[in-house]
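Geometric and topological summary
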Amino acid sequence: MSKVAIIASNGGLFDAYKVFNIATAAAATDQEVAIFFTFEGLNLIHKEANQQLPMPEGKEHFAEGFANANVPAIPELVAMAQELDVKFIGCQMTMDVMGLEKESFVEGIDVGGAVTFLEFAKDAEVTLTF
């Protein structure tokens, strides 16, 4: 089985769509996927923050396009990714620096450092950073 390793370090709405669209597409095509969430990327799996991710300035017109195209909201994409067995790894160091607890995030995440992610990513065919 091929592997896709994704680093999510940015926390905006467009970043979330990139991360979860690639992750769910890869998982749906029987690839093993892990996402390492660090710095602002932790917002993508934060129970409250992922419901109000910022739209890039000047791109507000996209909101209507997302609605018209029936694009799922980020919490729905998170659930879809989890249903497809995408592994979520929250960066322990970043969580410590920001004073965040595992309970602040969606259920089912792993917490680990860069080494945890690197163990997965070392033989990944695709590695992406958003």
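Residues numbered from 1 in each chain as written. Predicted model: local features only at pLDDT ≥ 70, side-chain atom pairs only at ≥ 80, totals over all residues. Heavy atoms only, no water.

**Section: the pattern of salt bridges**
Just so we agree on the cut-off: Just to be clear on terms, a salt bridge is a Lys or Arg side-chain nitrogen sitting within 4 Å of an Asp or Glu carboxyl oxygen. Burial classes: relative accessible area under 20% of the type maximum marks a residue as buried, over 50% as exposed, and values in between as partly exposed (1.4 Å probe, protein chains only).
On inspection of all chains with the given rule, the structure shows five salt bridges. Notably, a salt bridge pairs Lys-122 with Glu-119, separated by 3.0 Å at the nearest N-O pair. For Lys-122, a relative accessible area of 61% corresponds to the exposed category.

**Considerations on the pairing of strand β1 (residues 3-8)**
Short version of the rule: Working definition: helices are DSSP H or I runs of at least four residues, strands are E runs of at least two. Numbering for both runs from the N terminus. Here a strand pair is declared whenever DSSP counts at least two bridges between the two strands. A crossover counts as right-handed when, viewed with the strands pointing away from the observer, the path leading from the first strand over the helix to the second turns clockwise.
Counting buried positions along β1 yields five of six residues, so the element is predominantly enclosed. Bridge count between β1 and strand β2 (residues 32-37): six bridges; the pairing is parallel. In the sheet register, Ile-6 faces β2, and the bridge partner there is Ile-35. For the handedness criterion, the β-α-β arrangement of β1, helix α1 (residues 13-28) and β2 is classed as right-handed. Taken together, the four bridges between β1 and strand β5 (residues 126-129) define a ladder with parallel strand orientation. By the bridge assignment for β5, Ile-7 is matched with Thr-129.

**Concerning the sheet that holds β1**
Paired through their backbone hydrogen bonds, the strands of a sheet run either parallel or antiparallel. Let me state the cut-off plainly: Geometry is summarised by axes, namely lines fitted to C-alpha atoms with helices restricted to the contacting stretch, and by angles between N-to-C directions that run from 0 to 180 degrees. Any two residues whose heavy atoms approach within 4.5 Å at even a single point are treated as in contact.
Strand order in this open sheet of five strands is β4-β3-β2-β1-β5, and the pairing throughout is parallel. Lying at the two open borders of the sheet, with one neighbouring strand each, are β4 (110-112) and β5. Neighbour-to-neighbour, the strand axes of this sheet turn through a mean angle of 20 degrees, independent of strand direction. The pairing of β2 with strand β3 (residues 87-91) spans four bridges and is parallel. Bridging across to β3, Phe-37 finds its partner in Gly-90. Packing of α1 onto the sheet brings it into contact with β1, β2, β3 and β5, and relative to β2 it is tilted by some 160 degrees. Contacts from helix α5 (residues 114-121) reach β1, β2, β3 and β4, with the element oriented near 150 degrees to β1.

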